[in-house]
Amino acid sequence: MKLSSKTHYGLMACHILAENYPDNTVSASVLENRISVSGKYLEKIMRMLSARGIITANRGASGGYYLAKSPEEIKIGDIVRALEDDMEIIECVTKKGECKCCPSQAVWKRLYDGINEVLDGMTLKQMLDGEIKGE
C-alpha cells in the first residue's frame, strides 16, 4: 500500500504549523518553500485539512495557516485520514458487517483497524518533540 504525496506534504505542513503553534501563522509561500510543493497543490492539501478541522486559514496581508487545535490534540491518524479518503483500503471495510461480498473482508478490516490504531497512537506533538522513532 502506498500513501499519496498529499499525505507526505500535508504531514510536513502540519509539522511546520506545530513548530509555530500557537503564536504565529505560516504563509503559503513559506510552506511552499519549506516543503517544495506547488502553490496549487498545497492549497488543495490545506483545504482538505481545513475541512476536517485540523488547520485554519486567515486571508489578507498578514494571513496564513495555523493549527485549529493544539498539537497534543491532533493525532497523526486525523491528518492521514483527512488526506487519504479515511484510509478506506477497500470499499467494504467500513461497512461494519453489512458487506458479505467476499471472504477477504475480515482481512481488510483487520488491516484497516491496525493501521488506524498505529496512526491514532501518535500525536503531532510527539512528532514535533521527536518522540516517534522507527524501529
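About the criteria used
- All chains use their own residue numbering, which begins from 1 and follows the written sequence.
- Local features in this predicted model are restricted to residues whose pLDDT is 70 or higher, and side-chain atom pairs enter the listing and the counts only when it is 80 or higher, whereas totals over whole chains, interfaces and linings include all residues.
- To obtain the side-chain values, all non-hydrogen atoms of the structure were included, while hydrogens and water were left out.
- Strand pairing is assigned whenever DSSP detects at least two bridges linking the two strands.
- Put simply, DSSP marks the helices as runs of H or I at least four residues long and the strands as runs of E at least two long, and each gets a number from the N terminus on.
- Put simply, buried Ala, Val, Leu, Ile, Met, Phe, Trp, Tyr and Cys residues joined by side-chain atoms within 4.5 Å make one nonpolar core.
- For the exposure calls, accessible area comes from a 1.4 Å probe over protein chains only, and a residue counts as buried if that area is under 20% of its type's maximum, exposed if over 50%, partly exposed in between.
- By definition in these notes, contact holds between two residues if any of their heavy atoms fall within 4.5 Å.
- To get an axis, fit a line to the C-alpha atoms, keeping to the stretch in contact for a helix; angles then go from 0 to 180 degrees between the N-to-C directions.
- Roughly parallel covers angles under 35 degrees, roughly antiparallel covers those over 145, roughly perpendicular covers 65 to 115, and oblique covers all other angles.
- By the convention adopted, Pro, Cys, Tyr, Trp, Phe, Met, Ile, Leu, Val and Ala count as nonpolar, Lys, Arg, Asp and Glu as charged, and the other residues, Gly among them, as polar.
- Both cavities and pockets are sets of points on a 1 Å grid over the protein atoms alone; in a cavity a 1.4 Å probe fits but cannot get out, in a pocket the set is open with protein on both sides within 12 Å along at least five of seven lines, and lining residues sit with an atom within 4 Å of a point.
- Grid points are joined across faces, edges and corners, and a volume is the space filled by probe spheres set on the points.
- What makes a patch is a set of residues exposed beyond 30% relative accessible area and free of salt bridges, joined within 9 Å when like-charged and within 5 Å when nonpolar (Val, Leu, Ile, Met, Phe, Trp, Tyr).
- The accessible surface values rely on the Shrake-Rupley method and a 1.4 Å probe; as for residues, cover is taken only from the protein chains in view.
- Take a side-chain nitrogen of Lys or Arg and a carboxyl oxygen of Asp or Glu: if they are within 4 Å of each other, that pair is a salt bridge.

A. Focus on the pairing of strand β2 (residues 64–67). Of the strand pairs in this sheet, strand β1 (residues 55–58) and β2 are connected by 4 bridges, and their pairing is antiparallel. Each residue of the ladder has a partner; that of Ile55, found in β2, is Leu67. In sequence, β1 turns back onto β2 through a hairpin of 5 residues, with Gly60 there showing a positive phi of about 110°.

B. Highlighting the nonpolar core. Grouped together as the largest cluster of nonpolar side chains are 30 residues, with contacts concentrated most on Leu31, Met46, Leu49, Ile54, Ile55, Ile79 and Leu124. Within the residue set of this core, elements represented by two or more residues are α1 (5–19), α2 (28–35), α3 (39–51), β2, α4 (76–83) and α5 (105–120). Top contributing element to this core by residue count: α1, with 6 residues.

C. Structural context of the environment of Leu3. Within the fold, Leu3 resides in the segment before α1. For Leu3, a relative accessible area of 39% translates into the label partly exposed. When sequence neighbours within four positions are dropped, the list of residues in contact with Leu3 reads Glu84 and Met87.

D. Region of the structure containing the packing of α4 against α5. It is at 6 Å that the axes of α4 and α5 come closest, and there the two elements cross at 130°. Compared by their axis directions, α4 and α5 come out oblique. Packed against α4, whose contacting residues are Ile76, Gly77, Asp78, Val80 and Arg81, the element α5 presents Asn116, Leu119 and Asp120 at the interface. Grouping the amino acids of the contact of α4 with α5 by side-chain chemistry returns 3 nonpolar, 2 polar and 3 charged.

E. Seen up close, the layout of surface pockets. In this structure, the largest pocket encloses a volume near 310 Å³. Around the largest pocket, the lining is made up of 16 residues, and of these Glu43, Met46, Ala57, Arg59 and Tyr65 lie nearest the centre. Looking at the lining of the largest pocket, the elements that each hand over two or more residues are α2, α3, β1 and β2. Top element by residues in the lining of the largest pocket is α3. It accounts for 6 residues. Here the residues of the lining of the largest pocket are counted per class, giving 6 nonpolar, 6 polar and 4 charged.

F. The arrangement of a nonpolar patch on the surface in detail. A cluster of nonpolar side chains, Ile90, Val107, Trp108 and Leu111, forms an exposed patch at the surface whose accessible area comes to about 310 Å². For Val107, the location among the structural elements is in helix α5.

G. Main features of the pattern of salt bridges. Throughout the structure, instances matching the rule amount to 7 salt bridges. Notably, a salt bridge pairs Asp86 with Arg52, separated by 2.8 Å at the nearest N-O pair. Placement of Asp86 in the loop between α4 and α5 and of Arg52 in the loop between α3 and β1 is noted, with a sequence separation of 34 residues between them. Classification of Asp86 by relative accessible area gives partly exposed; the value is 32%. Close ionic contact of Asp113 with Lys109 constitutes a salt bridge, the shortest N to O distance being 2.9 Å. A residue pair is termed a helical-turn pair when its members lie 3 or 4 positions apart in one helix, as Asp113 and Lys109 do in helix α5 at 4 residues. The exposure class of Asp113 is partly exposed, given its relative accessible area of 35%. Put simply, Asp78, Arg81 and Asp120 are held in one network by salt bridges that share partners.

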